[in-house]
Amino acid sequence: MPLPKKIDLVVGARPNFVKAAPLLAELERRPEAFAPRLVHTGQHYDPRMSRVFFEDLDLGTPAADLEAGSGSHAQQTARVLEAYERRLVADRPDWVVVFGDVNSTLAGALAACKLGIPVAHVEAGLRSFDRSMPEETNRVVVDHLASSWFATERAAVQNLAAEGLPAPRIFMVGNIMIDSLVRCRDRAARSAVLGRLGVTPGRYILMTVHKPPNVDDHRRLAGWLQLALRLSERLPVVFPCHPRTARELLRAGIEWPPTDRVRKVEPQGYVDFLALEAHCRLAVTDSCGVQEETTVLGVPCLTLAERTDRPVTVEVGTNVLAGTEPIGVLGVADRILAGGVAPRQVPELWDGHTATRIADILAKEP
Ligand code: UD1
């Protein structure tokens, strides 16, 4: 009888936790086949960005915490690389699984690849074709380090094929983030967060902004705040503030407007945020995960960008690309608030069973 495969699941930032949780649970359900170990790089370390997600998603305690913390891209990536290489040498896994496109994804994949350990990339093949996004660089490089690719949508499969990656090892498995959504939906329905924030279902707008081009540029950041104010003339706005955004507001000396119609709140835990998404009238965001989750929840989503690396959320989901000019965004928001969106579909295989499909494929690997 072969020994269970040792599989490292490398996570570092908030969206990684949501993607890793269902796969960890699925691998743990098959102890005869798998010995999974969760490796936390420490990229996100605030309790609000990390511990609360571990609790909400039943992630347990990681097998290792590399404590990389914040820093420039090079510093952060290098710290994970060094610390993870040490761990890989001390306790070599049969496979390394990385998720998404954050700096920890890149460092985890690179450390493993250089030691000849096969890498599986979950959420492979997504492309914005915009190299000014650090995530785009990360995922392009990770895809060319990986030896198995798990894709969320057909466009990703096509992107990988167009880059010459081998078709038999590219697997269209659906979106693992939706596995977590399905698992936590009932708990989100019982969340008390709306009452706590004083908003009523269907009568508020949920807004999040955290991507570097949107917040590191202070003129643009001020523009998003103006947009929030204008939106709040229609409906109250709930604004969970990412630590990067909070840091830049402080650096820019931007005062939060003294109105309770734009409610700046701390980053929310997974279950409470899901509840806020499920019940908002409209989500306004630059987050990729929110574009995906609102598509499944059937909630209109307005993305603050000219393009998206998740095209299926626009093609069949509720996502609308609203551009990066606050006035233009307001016009699109008004149209949606007046008329809603037509009933949309859930993308192919975004059904809550992606982790099972990935585990079935990993079980067949040498
Ligand atoms: C990272 C990902 C981004 C993802 C986001 C989700 C990269 C390149 N980017 O961006 O794709 O959408 O996570 O949240 O990996 N900070 C804290 N506490 C923390 C973590 C960060 O205060 O626990 C602050 C620090 O000031 C830090 C800044 O946030 O410098 C940015 O953190 P970082 O991990 O570099 O990237 P994110 O903006 O969180």
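These numbers were taken from a predicted model, which means no experiment stands behind them.

Scanning the entire structure with this criterion turns up five aromatic pairs. Taken together, a centroid distance of 6.4 Å and an interplanar angle of 55 degrees make the contact between Phe 53 and Tyr 270 tilted. Note that Phe 53 is positioned in helix α2 (residues 51–56) and Tyr 270 in helix α12 (residues 270–279), a separation of 217 residues in sequence. Each member of the pair, Phe 53 as well as Tyr 270, is classed as buried. Aromatic ring contacts, followed pair by pair, group Phe 17, Phe 53, Phe 54 and Tyr 270 into a single cluster.

Attention now goes to the side chain of Asn 159. The topology assignment puts Asn 159 in helix α6 (residues 154–162). Asn 159 sits in the buried class, given a relative accessible area of 17%. Within the local environment of Asn 159, its side chain forms a polar contact with the backbone oxygen of Gly 125, the two atoms lying 2.9 Å apart. Ignoring sequence-local partners within four residues, the contact set of Asn 159 consists of Gly 125, Leu 126, Arg 127 and Phe 129.

In this structure, Leu 9, Leu 57, Val 97, Phe 150 and Tyr 270 are the most contacted members of the largest nonpolar core, which totals 57 residues. Examining the composition of this core, we find that seven residues originate from one element, helix α1 (residues 14–28), more than from any other. Among all residues touching Val 97, those that are not within four sequence positions of it are Ile 7, Asp 8, Leu 9, Val 10, Leu 23, Ala 120, Val 122 and Leu 362.

A few words on the site of the ligand. Taken together, 20 residues are adjacent to the ligand, and His 44, Asn 103, Glu 135, Arg 244 and Arg 247 come closest. Separating an oxygen atom of the ligand from a side-chain N or O atom of Gln 43 is a distance of 2.9 Å. In the environment of the ligand, an oxygen atom lies 2.6 Å from a nitrogen or oxygen atom belonging to the side chain of Glu 135. When the ligand sits alone it has 740 Å² of accessible area, and the protein chains cover 89% of it. Broken down by secondary-structure element, the contributors of at least two residues to the shell around the ligand are α1, α3 (73–90) and α11 (243–252). Broken down by element, the shell around the ligand gets its largest block of residues, three residues, from α11. Considering only residue class, the shell around the ligand consists of six nonpolar, eight polar and six charged.

Pairing is parallel across the open sheet formed by six strands, whose spatial order is β10-β9-β8-β11-β12-β13. Only two strands of the sheet have a single partner each, and these edge strands are β10 (262–265) and β13 (319–321). With direction set aside, neighbouring strand axes in the sheet form an average angle of 20 degrees. Here strand β8 (residues 205–208) pairs with strand β9 (residues 237–240) via two bridges, running parallel. When the sheet's bridge partners are listed, Leu 206 is paired in β9 with Val 238. The strands that helix α10 (residues 218–232) touches are β8, β9, β10 and β11 (282–285); relative to β8, the one it contacts most, it runs at about 175 degrees.

Bringing the packing of α1 against helix α16 (residues 354–364) into the picture now. When two helices pack together, their arrangement is captured by the angle between the axes and the distance separating the axes. Packing of α1 against α16 brings their axes to within 9 Å, and their N-to-C directions diverge by 55 degrees. In this view, α1 runs oblique relative to α16, as classed from their interaxial angle. Note on packing geometry: the crossing formed by α1 with α16 is right-handed. Residues Pro 22, Leu 23, Glu 26 and Leu 27 of α1 form the contact with α16, whose own contacting residues are Ala 355, Thr 356, Ile 358 and Ala 359. For the contact of α1 with α16, a count of residues per class yields six nonpolar, one polar and one charged.

Scoring rules and cut-offs
- Residues numbered from 1 in each chain as written.
- Predicted model: local features only at pLDDT ≥ 70, side-chain atom pairs only at ≥ 80, totals over all residues.
- Heavy atoms only, no water.
- Phe/Tyr/Trp six-rings, centres within 6.5 Å; stacked < 30°, edge-to-face > 60°.
- Helix = DSSP H or I, 4+ residues; strand = E, 2+ residues; numbered from the N terminus.
- Buried < 20%, exposed > 50% of the residue type's maximum accessible area, 1.4 Å probe, protein only.
- Polar contact = N/O pair within 3.5 Å; in protein donor to acceptor, adjacent residues only side chain to side chain.
- Contact = heavy atoms within 4.5 Å.
- Core = buried A, V, L, I, M, F, W, Y, C linked by side-chain atoms within 4.5 Å.
- Near = heavy atom within 4 Å.
- Areas by Shrake-Rupley, 256 points an atom, 1.4 Å probe, with all protein chains shown as cover.
- Nonpolar A, V, L, I, M, F, W, Y, C, P; charged D, E, K, R; others polar.
- Pairing = 2+ DSSP bridges.
- Axes fitted to C-alpha atoms, helices over the stretch in contact; angles between N-to-C directions.
- Parallel < 35°, antiparallel > 145°, perpendicular 65-115°, else oblique.
- Left-handed = near helix turned anticlockwise from the far one by under 90°.

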